[in-house]
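# Overview (structure and organization)
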Amino acid sequence: MSFNKYYSDETLQDAVDAGRHRQVVGGLWDEMGALQLNFLKDQGMAPRDVLLDIGCGTLRLGRLAVDYLDPGNYWGADRSALLLDTGHERELTDDGRDRLPRAQLIETDSFDFSAVTARVTYAMAQSVFSHLPLNHLRRCLIKLAEVMPPTGRFCVTYFECPDAWPVTEPIQHGRKKGEIVSYDYKDPFHYRPTDLLWAAGHGPWRLERVGDWGHPRGQHMAVFVRGRD
Ligand SMILES: C[S@@+](CC[C@H](N)C(=O)[O-])C[C@H]1O[C@@H](n2cnc3c(N)ncnc32)[C@H](O)[C@@H]1O
């Protein structure tokens, strides 16, 4: 049973073989990389911080964050080792590879961050939970709290279902009408703010909603702030 196209290793291999490793994580390479890094800086991320990029793919954010952060302070996690390898080989310079050892890109589909040896002060999951059922976000929040100290900030994008909208009806998002249609039962998923609160309630998290952050396809931003245990 697969929840989304990223679960098909054949699809990913075909894309990588055809040189489409940027498109397979969503394209808009320069725009979406810069948007994420600027958002994190606006949230207070500085070079000394430690960033965990959850569902980092082929390093659309990573290649920029590696240059911005102090060496060794970027960590990535993804379910696909192929995407991690490809990003590391094709998107980083030699200097970038010195600043980001391959061992800091972790293959996991269960949000197992036990290999992360640093205390994570910022985390980002961009266009990850928009492709996954809500219990994945719950699990991720529980597992992330193990490697993130209090005051850490976790930035998560999602398609929002407004309170007044019937949750079982499809919703259109994006700059062009009908560009993306989200659903409550299949990928891409939409969530109500109260759904995010439910997930946050299983760990030491406070939810700050940001809403529109300039995402070209209409994903909103939620910031989860880690409280004390
Ligand atoms: C749309 S791409 C976004 C990639 C990246 N965040 C970016 O903005 O460029 C979604 C990524 O999430 C990864 N992913 C999907 N399910 C995952 C899971 N359960 N654990 C870790 N990564 C996952 C996919 O392999 C893919 O790289």
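### Section: unusual backbone geometry
- Cis rather than trans, the peptide bond between Asp 187 and Pro 188 has omega equal to -5°.
- Within the secondary structure, Pro 188 sits in the loop between strand E7 (180-182) and strand E8 (190-191).
- Of note in the backbone geometry, Leu 28 takes a positive phi value of approximately 40° without being a glycine.
- The class of Leu 28 is partly exposed, set by a relative accessible area of 32%.

### What to know about the environment of Asp 212
- Relative to the helices and strands, Asp 212 resides in strand E9 (residues 205-212).
- Take Asp 212: its relative accessible area is 63%, and that puts it in the exposed class.
- Spatially, the C-alpha atom of Asp 212 lies 9.9 Å from that of Glu 160, the residues being 52 residues apart in sequence.
- At 2.9 Å, the side chain of Asp 212 forms a polar contact with the backbone nitrogen of Gly 214.

### Structural notes on the pattern of salt bridges
- One pass over the structure, following the stated rule, counts 12 salt bridges.
- Here Glu 208 makes a salt bridge to Arg 206, at a shortest N to O gap of 3.3 Å.
- For Arg 206, a relative accessible area of 46% puts it in the partly exposed group.
- Among the ionic pairs, Asp 229 bridges to Arg 226, the shortest N-O distance being 3.0 Å.
- Residue class for Arg 226 comes out buried when judged on its relative accessible area of 5%.
- A single network of salt bridges, built from pairs that share partners, joins Arg 153, Arg 206 and Glu 208.

The rules behind each value
Residues numbered from 1 in each chain as written. Predicted model: local features only at pLDDT ≥ 70, side-chain atom pairs only at ≥ 80, totals over all residues. Heavy atoms only, no water. Helix = DSSP H or I, 4+ residues; strand = E, 2+ residues; numbered from the N terminus. Buried < 20%, exposed > 50% of the residue type's maximum accessible area, 1.4 Å probe, protein only. Polar contact = N/O pair within 3.5 Å; in protein donor to acceptor, adjacent residues only side chain to side chain. Salt bridge = Lys/Arg side-chain N within 4 Å of Asp/Glu carboxyl O.

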